[in-house]
Amino acid sequence: MSEKINIPRGTFDILPGESSKWQKLLNIFCETANLYSYQEIVTPIFESAHLFERGVGEVTDIIEKEMYRFTDRKGREFALRPEGTAPIVRSFIENHLGKEYAPAKLYYFGPMFRYDRPQKGRYRQFHQYGVELIGSNNPYTDAEVIALADHFLKQIGIKNYTLEINSIGCDKCSPVYDAALIEYYSKHKDELCGDCVKRLEKNPKRLLDCKNEKCQLIGKEAPSILDYLDEDCAAAFEKVKYYLNLLKVDYIVNPRIIRGLDYYSNTAFEFLTTSLGSQNALLGGGRYNGLVKQLGGVDTPAVGFAGGVERLLAVAEAEGISLVDSGNSGIYVANIGAETIDYALALCAEFRSKGISVEYEIDKNNFKSQLKSANRLNIPYVCIVGSEEMEGQRFTLKEMNSGKQVTLNRSDIGEKFNNWPKLSVFEAEQTC
Ligand code: HAM
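Bear in mind that the values here come from a model prediction, so they are computed numbers and not experimental data.

Cut-offs applied
- Residue indices follow the written sequence of each chain, beginning from 1 at its first position.
- pLDDT decides what is reported in this predicted model: residues at 70 or higher carry local features, side-chain atom pairs at 80 or more are listed and counted, and totals for whole chains, interfaces and linings draw on all residues regardless.
- Only hydrogens and water are set aside when side-chain values are computed; all heavy atoms of the structure are taken into account.
- Grid points spaced at 1 Å over the protein atoms alone were grouped into cavities, where a 1.4 Å probe fits but cannot get out, and pockets, open sets with protein on both sides within 12 Å along at least five of seven lines, with lining residues defined by an atom within 4 Å of a point.
- Grid points are joined across faces, edges and corners, and a volume is the space filled by probe spheres set on the points.
- The helix count covers DSSP runs of H or I at least four residues long, the strand count covers runs of E at least two residues long, and both are numbered beginning at the N terminus.
- Note that Gly is not counted as nonpolar here; it falls among the polar residues with everything else outside the nonpolar set of Ala, Val, Leu, Ile, Met, Phe, Trp, Tyr, Cys and Pro and the charged set of Asp, Glu, Lys and Arg.
- Here the rule is simple: two strands pair whenever DSSP picks up at least two bridges between them.
- By definition, residues are in contact when any of their heavy atoms lie within 4.5 Å.
- Axis lines are fitted to C-alpha atoms, over the contacting stretch for helices. Their N-to-C directions set the angle, which ranges from 0 to 180 degrees.
- For every residue, the accessible area obtained with a 1.4 Å probe (protein chains only) is divided by the maximum for its type, and the residue is called buried under 20%, exposed over 50%, and partly exposed between those limits.
- Throughout, near means a residue has at least one heavy atom within 4 Å of the molecule or strand.
- Polar contacts here mean pairs of N or O atoms no more than 3.5 Å apart (in protein, one a potential hydrogen donor and the other a potential acceptor; neighbouring residues in sequence count only if both atoms are side-chain atoms).
- Computed with a 1.4 Å probe, the accessible areas rest on the Shrake-Rupley method; for each residue, only the protein chains presented here act as cover.
- Domain limits in this description derive from either an automatic procedure or a database domain assignment.

S.K.: How would you sum up empty space enclosed by the protein? Please name residues and give values.
M.R.: Summed over all chains, the structure comprises 2 cavities of 30 Å³ or more. Of the voids in this model, the largest cavity is the one considered here, and its volume is about 80 Å³. Taken together, Val 59, Thr 60, Asp 61, Glu 64, Lys 65, Asp 195, Lys 198, Arg 199, Asn 203 and Arg 206 make up the lining of the largest cavity. When residues of the lining of the largest cavity are traced back to their parent elements, those giving at least two are helix H3 (61-66) and helix H8 (194-202). Taken together, the residues that form the lining of the largest cavity break down as 1 nonpolar, 2 polar and 7 charged. As a volume, the second largest cavity reaches approximately 30 Å³. Residue classes in the lining of the second largest cavity are distributed as 4 nonpolar, 4 polar and 2 charged.

S.K.: Could you give an account of the sheet that holds strand E1 (residues 39-40), naming the residues involved and the relevant values?
M.R.: With respect to topology, 8 strands assemble into an open sheet ordered E1-E5-E6-E11-E10-E9-E7-E8, the strand pairing being mixed. Both edges of this open sheet fall to E1 and strand E8 (252-253), since each of them pairs with a single strand only. Both strand E9 (residues 267-273) and strand E10 (residues 281-287) contribute to a ladder of 5 bridges, which runs antiparallel. If you follow Glu 270 over to E10, its bridge partner there is Gly 284. Where helix H4 (residues 85-94) meets the sheet, it contacts strand E5 (104-113) and strand E6 (125-134), and its direction lies at approximately 45° from that of E6. Against the sheet, helix H12 (residues 309-318) engages E5, E6, E9, E10 and strand E11 (302-308), with an angle of about 105° to E6.

S.K.: So what about unusual backbone geometry? Which residues, and what values?
M.R.: Ala 102 connects to Pro 103 through a cis peptide bond whose omega is 0°. Structurally, Pro 103 can be placed in the loop between helix H5 (97-100) and E5. Even without glycine at this site, Ser 37 takes up a positive phi of about 65°. Assessed through its relative accessible area of 53%, Ser 37 is described here as exposed. Look at His 96: it is not a glycine, yet its phi comes out positive at around 50°.

S.K.: Give a detailed account of the environment of Ser 353, specifying residues and quantitative values.
M.R.: Locating Ser 353 in the fold gives a position in helix H13 (residues 341-353). Distance in space between the C-alpha atoms of Ser 353 and Ile 413 is 9.7 Å, their sequence separation being 60 residues.

S.K.: Explain the site of the ligand residue by residue, including any values.
M.R.: Around the ligand there are 27 residues in total, and Glu 83, Thr 85, Glu 132, Arg 259 and Tyr 264 lie nearest to it. In the model, a nitrogen atom of the ligand is placed 3.3 Å from a nitrogen or oxygen of the Phe 305 main chain. In the complex, 95% of the free accessible area of the ligand, which totals 660 Å², lies under the protein chains. Where the shell around the ligand is concerned, the elements lending two or more residues are E6, E10 and E11. Per-element tally for the shell around the ligand: the top contributor is E10, with 6 residues. In the shell around the ligand, the residues fall into 12 nonpolar, 9 polar and 6 charged.

S.K.: Describe the side chain of Lys 241, naming the residues involved and giving the relevant values.
M.R.: With respect to the element layout, Lys 241 can be found in helix H10 (residues 231-246). A relative accessible area of 16% places Lys 241 in the buried class. Separated by 3.0 Å, the side chains of Lys 241 and Glu 238 make a polar contact. Leave out the neighbours within four places in its chain, and Lys 241 touches Ile 165, Tyr 251 and Val 253.

S.K.: Before we move on, can you summarise the domain arrangement of the chain with the specific residues and values?
M.R.: Each domain of the chain was delimited in the assignment, giving domain 1 (19-169 + 229-318), domain 2 (174-226) and domain 3 (331-428). The C-alpha-based centres of domain 2 and domain 3 are spaced at 69 Å.

Below you can see the structure in the form of structure tokens.
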């Protein structure tokens, strides 16, 4: 026997029992995004590595430690996308979407890749759903994007989450705050972890969300960004809060929400859950007014968010939310005797042409085992065909729950099954 090949660490298969939950979640996300008039955008899974270096920032965990890089046969440097915002901005610029849509309201869903130590809620291939609104600096749009995220979580039925918001200022006030942080943390330099010593020089705000206990303790007394916002940024943040109140979205202000990617300015937010362990960030986002220009486009403000599907499904499960559709309305076709197989197959095709989901197991040629299978698969209706039915061009339909049975003409499929499963065949016909 050849050696077995296993799935790469930190990745997983979405198996048949699970995939229907993914479909449901994606459907709810698309429906919610449509309610807010967002349109889907799909970008490639790999992009130029420079896109992320320039977009996400060189001194970030994603670029320093987590990005999957490869060179193709011609020596070009690519990366499996670690996130969706930089690729969407690339596409926005390349396809001149700003000319057609003002603003562009885009949503997306797909796999992302980050090389990190896998644990519950953290994978090397994971999936994000997200939105990007590119082309408005109106604080209402920050609130709208947040409201969309909140709406989506509510549609799924998630209860145990909080929304934390902050403003990290603009390119004028943010450096002033950085200087204050450098001054504060320099006094504690000897006590900081190695990563934070590096961050102190290159990216001081990131010290605030270091997971190291000692760094966190020191961070408690660190200056707050809210005391450093300039007039415009402070006013914009007030407006975001005003609109969140108007849209009835609950939030708390947390001046420590910094976000791990460099492109953010002004509003930053995270939805955190108490239903998971340490990987408690359900989704995160914020405003990124400098990114379009940084990636070679015309200066264009933007805001967006992304959330992890795996974490959302785990929270849904922890909160006892069922994402499985209970409304299975399919038909299992069971036949008695080999001579009726072709007739059964023809009926299957006719049901399917009516949009009805049909199961027929061609290799199961025993009627009893077919019925058992229908039960096991939880299929609510069984269509039974024996030679008598075949000769009369009829079939028997059985409702498994009630045990009601009715014999119908094959030609009935044409009209009586138009409204399946809300059809009245069991009431209208003589049942036996
Ligand atoms: P992010 O915070 O890096 O932001 O990721 C967003 C969400 O993706 C996280 O809150 C988490 O739910 C999920 N996630 C991240 N890494 C992993 C992982 N290794 N395993 C499982 N889930 C994970 C962004 O990616 C930004 N692009 C969001 C954004 C959009 N900002 C503006 N627009």
